[in-house]
Amino acid sequence: MKPSQSPPNPRRFAGTDRYVATDDLKLAVNAALTLQRPLLIKGEPGTGKTMLAEEVAQALNYPLLQWHVKSTTKAHQGLYEYDAVSRLRDSQLGDERVRDIANYIRKGVLWQAFESDLPTVVLIDEIDKADIEFPNDLLRELDQMEFHVYETGQTIRARHRPLVIITSNNEKELPDAFLRRCFFHYIQFPDRDTLRDIVKVHYPDIKTDILRAAMDHFFMLRDAPGLKKKPSTSEFLDWLALLLAEEIDAARIDAHASTSIPIMAGALLKNEQDIGLLERLSGLARQTRR
Amino acid sequence: MFIDFFYHLKNHKLPVSVKEYLTLLEVLRERVMPPSLDDFYVLARLTLVKDETLFDRFDQAFALFVKNLPATMPAGPDIPLDWLISQMQKNMTPEEKAALEKHGWDKLMEMFKERLKEQKERHAGGSKWVGTGGTSPFGNSGYHPEGIRVGGPSAGNRTAVKVWEERRFKEYDDQQELGTRNFKVALRRLRRFAREGAAEELDLDDTIRSTARNAGFLDVKMVPERHNAVNVLMLLDVGGSMDDHIARVEELFSASRSEFRNLEVWYFHNCPYERFWRYDTGGRRVYTDTWELLRTYNTNWRVLIVGDATMSPYEIVHPGGSVEHYNKEAGAVWLARILDAWPKAVWLNPEPQAYWQYRQSIDVVRNIMQNHMYPVTMTGLEAAMRQLSK
């Protein structure tokens, strides 16, 4: 029997008061919820890919299980790990625990999600960091939501199919077989209106003129040709925090926008070549104005 | 059914699979969305396209599909939505139909027509965005659907029509034969495994041996994991005619970066002479004698020369032929020295192979390289790596 035959979940994700989700993103999450398929999220750094899983879990009131992938992560670590070496060592010391192999099996994130009494949200963060074969090794587990524990002969089956959210930063391309099983959503960089909504969520009482000036300057920066790393939403929010803390007013931001690199550029630009480039550009702008 | 749509996408070289198509049908049956063209667009993209570089191609294909609908359906701008709903109804149970009726599909149609009307009025006003009339998905050339921008909170999906017409994902579409993954897979053929670094893996043989020697008391031995330890020297042609190939070369470069841990990169222009350079942080060239390089890297290094070899033949065969400086010895002499020092060397040429025969200089270089010139494509790279790992 497939666990997917449990009645479809009537819950819907409609964004939260701390996270502004665009309509197509909501649709994507809801489609993944209804059809119980993994949702793959890509997008520029700093567009809130990881945040999404946290907010979905909070909105649906599901526990969130996170699996942060590194370059050394292996697929089976998400299921379980059998610590043979410490069992061997314990056997030499005559430890009683040795008799039960289950004592040496450590449950991974997916195991925890599968045996949870509540439906869960599982975040597999930055899947592209791992080896190129990593996603392929998880195909069956994500498809059937079950796996076999060879050491104990158990089969672990999901009681509730978790909502799996996978993020990728595009460092490696993912195998086709894996992609076919996922829904795919690309979080676009927010346009002005969405960005304004996002800022309002974080700084509800920001003055309109400061926000307007900061956004003008920010989008101008993003349009600057040849920037190595474009500033992202999260960097914009950090920058706003700085501007507010220093009580800088709109006039000063505007003044900087037309003559030189932004005030406190360190929050926006993380690359000294980019700062150099901007200095040259603004120098040119000054010369043409004279 | 949406079978036509599926084949239409396939014809437009979108890699959609039957499984994904079935998923799309499942989504439609589950009523995840209200029946509108806008949401259908989002859902179809969500289920069928798994790569943002293909979004633009999908947008174009979708626009074309919607545009071509009136040809098979009765004419009129409101047909696509109508047609879509009727198509969907075929797949629906009576209960589902009833639910749809309740949602008020008449009202949906009303809204749609209203928007069209409003759009025309704006058109009369002569706003700028009307200019691209020819691309309308509804087959009328006088307006652009981007104009269907109606206020009011209920028209929540107003951006979607605009989305595929606007081709927002254009910049992501690379249209290149190869992505970095393919490059990386091809480069992987060049592997020399070695164990170095931190000990992370259990060395079973050694553990058994030392445990036995230890009179049966466990003595765990670890070894470092195996890594690709091949040494690669990359000589890159920059500037001039290579500007046309920047994107391709950058991909190759980033793939090599992540695939080879010992990668050294030096630059030259058109043809290798008595000096190479690297760039300092200010972007200025810092020169190094070729002799210096020949001494520094031993014969174990694999050499990838990346260049289009497109120049005047004089630049290769004559002393003083360089376009940048006066070179005492001809490029051919230097190339021969490079081959002498590093027998495992190949030339990768980003220029399409079909043009090679028309460029005399490519022929010359190829002769010097003893035919080991390969195009920067999947098969070319594979052949090159096979040559290097021999």
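Residues numbered from 1 in each chain as written. Chains lettered and ligands numbered in written order. Predicted model: local features only at pLDDT ≥ 70, side-chain atom pairs only at ≥ 80, totals over all residues.

### Quick look at helix H2 (residues 49–60) of chain A
Residue and element names in this part refer to chain A.
Reasoning step 1: Its 12 residues place the ends of H2 17 Å apart at the C-alpha level, agreeing with the 16 Å of an ideal helix rising 1.5 Å per residue.
Reasoning step 2: Every buried residue of H2 is accounted for by Lys49, Leu52, Ala53, Glu55, Val56, Ala57, Ala59 and Leu60.
Reasoning step 3: In this structure, the buried residues of H2 make contact with helix H1 (23–35), strand S1 (39–43), strand S2 (64–68), strand S5 (121–125), strand S8 (163–168) and strand S9 (183–187).
Reasoning step 4: Once H2 finishes, Asn61 follows within two positions and takes phi at roughly 65°, a positive value. (Helix = DSSP H or I, 4+ residues; strand = E, 2+ residues; numbered from the N terminus. Expected span 1.5 Å × (residues − 1). Buried ≥ 20, exposed ≤ 12 C-beta atoms within 10 Å, placed from the backbone. Contact = placed C-beta atoms within 7 Å.)

### Side note on the interface of chain A and chain B
Reasoning step 1: With 23 residues of chain A at the contact, the number on the chain B side is 27 residues.
Reasoning step 2: Those elements that provide at least two residues to the side of chain A that touches chain B are H1, helix H3 (84–93), helix H7 (176–180) and S9 of chain A.
Reasoning step 3: By residue number, the principal contributor to the side of chain A that touches chain B is H1(A), which donates eight residues.
Reasoning step 4: In the side of chain A that touches chain B, the residues fall into 12 nonpolar, four polar and seven charged. (Nonpolar A, V, L, I, M, F, W, Y, C, P; charged D, E, K, R; others polar.)

### Focus on the pairing of S9(A)
Residue and element names in this part refer to chain A.
Reasoning step 1: The buried count for S9 comes to five of five residues, which makes it a mostly enclosed element.
Reasoning step 2: Residues Phe183, His185 and Ile187 of S9 are buried on one face, and the alternating residues Phe184 and Tyr186, pointing to the opposite face, are buried as well.
Reasoning step 3: Note: S1 against S9, five bridges, orientation parallel. When the bridges of S9 are listed, Leu39 appears paired with Phe183. (Pairing = 2+ DSSP bridges.)

### Concerning the nonpolar core
Reasoning step 1: Grouped together as the largest cluster of nonpolar side chains are 89 residues, with contacts concentrated most on A:Leu39, A:Val56 and A:Ile165.
Reasoning step 2: Beyond its immediate chain neighbours, meaning those up to four positions away, A:Ile165 contacts A:Leu39, A:Ile41, A:Leu52, A:Ala53, A:Val56, A:Val121 and A:Leu123. (Core = buried A, V, L, I, M, F, W, Y, C linked by C-beta atoms within 7 Å.)

### Some thoughts on the sheet that holds S1(A)
Residues and elements named next belong to chain A.
Reasoning step 1: Judged by pairing direction, the sheet is parallel, and its five strands sit side by side in the order S2-S5-S8-S1-S9 without closing on themselves. The sheet is open, and its two borders are formed by S2 and S9, each paired with just one other strand. The sheet shows a mean angle of 20° between the axes of neighbouring strands, taken without regard to direction.
Reasoning step 2: Where H1 meets the sheet, its contacts fall on S1, S8 and S9, and the angle it forms with S9 comes to roughly 160°. (Axes fitted to C-alpha atoms, helices over the stretch in contact; angles between N-to-C directions.)

### Some thoughts on the confidence of the model for chain B
Residue and element names in this part refer to chain B.
Reasoning step 1: Overall, the prediction assigns chain B a mean pLDDT of 70, with 64% of residues at 70 or greater.
Reasoning step 2: Low pLDDT, under 50, characterises residues 119–162; the predicted model gives this stretch 65 contacts beyond four residues in sequence or across chains.
Reasoning step 3: Confidence drops under a pLDDT of 50 for residues 171–178, and excluding neighbours within four residues, the segment shows 17 contacts in the predicted structure.
Reasoning step 4: Interface predicted TM-score (ipTM) for the complex: 0.76; the corresponding pTM is 0.60. (pLDDT = per-residue confidence, 0-100.)

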